[in-house]
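A closer look at the structure
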Amino acid sequence: MSITIRHALVGDLDRITEIYADAVLHSTATYELEPPTRTDMGERFAALMDGGYPYLVAERQGVIVGYAYAGPFRARPAYRFIVEDSIYIAPEAKGAGIGKALMQTLITECTGLGFRQIVAVIGDGHADSASVRLHERLGFGHTGRMDGSGYKHGRWLDTVFMQMPLNGGASTPPDPNSMPERQFRARGGKG
């Protein structure tokens, strides 16, 4: 079956909210314990869109079966060249290559925007986790682990950090025309 990857729209948020609610309730991919409302998800979406970050959906036969986005890793301005990825796949679509397709497109978009690093913060990041394996296949390296950092569904969970350089990573100075640098200057920042 053919998969279409496209930019998310406000009209997609009902389905995105459903997919995320399933992850909150039935998985350890997120450390949230209660599913956010559609309003909450709309506010999160708007914040990412206002920041110029990529937010993608995957469609199969006209139905959204997954989504991925990149957002700020941390709020402090020196972190402006690093993004954190998030990806969620509908239960009925797992194992069909949708996560890989979403992540490849997300990486391409983050590279085009001028980011220098993309980080994955993976909840319940054991070695055979689908998310860990996906990120490894895409070229992410392991950069850290926090043992017992979350407690959900009656057990302690480890958090794994993975990272992939983009646009030369830290080997060259930032591009003054990159999206993060233009936004920084527009807010009155100095590099």
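Here's what I pulled together on the structure shown here.

The rules behind the values
Residues numbered from 1 in each chain as written. Predicted model: local features only at pLDDT ≥ 70, side-chain atom pairs only at ≥ 80, totals over all residues. Heavy atoms only, no water. Helix = DSSP H or I, 4+ residues; strand = E, 2+ residues; numbered from the N terminus. Contact = heavy atoms within 4.5 Å. Salt bridge = Lys/Arg side-chain N within 4 Å of Asp/Glu carboxyl O. Buried < 20%, exposed > 50% of the residue type's maximum accessible area, 1.4 Å probe, protein only. Axes fitted to C-alpha atoms, helices over the stretch in contact; angles between N-to-C directions. Parallel < 35°, antiparallel > 145°, perpendicular 65-115°, else oblique. Nonpolar A, V, L, I, M, F, W, Y, C, P; charged D, E, K, R; others polar.

Mapping S27 onto the fold places it in the loop between α1 (13–26) and α2 (38–50). Residues in contact with S27, not counting those within four places in the same chain, are D22, K152 and H153.

Right, let's get into the pattern of salt bridges. Close approach of charged atoms allows side chains of opposite charge to pair. With the rule as written, the count across this model stands at 10 salt bridges. Residues R6 and E59 are paired through a salt bridge, measuring 3.0 Å at the closest nitrogen-oxygen approach. Residue R6 is found in strand β1 (residues 3–7), and its partner E59 is found in strand β2 (residues 55–60); the two are separated by 53 residues along the sequence. Judged by its relative accessible area of 18%, E59 falls in the buried class. Each of the salt bridges in this network shares a partner with another, and the network as a whole consists of R6, D12 and E59.

The interhelical angle for the contact between α1 and α2, taken along N-to-C directions, is 110°, at an axis separation of 10 Å. Taken together, the axes of α1 and α2 lie roughly perpendicular to each other. Counting all contacts with α1, which are made through L13, D14, I16, T17 and Y20, the residues of α2 involved are R38, M41, G42, R44 and F45. Split by residue class, the contact of α1 with α2 holds 5 nonpolar, 2 polar and 3 charged.

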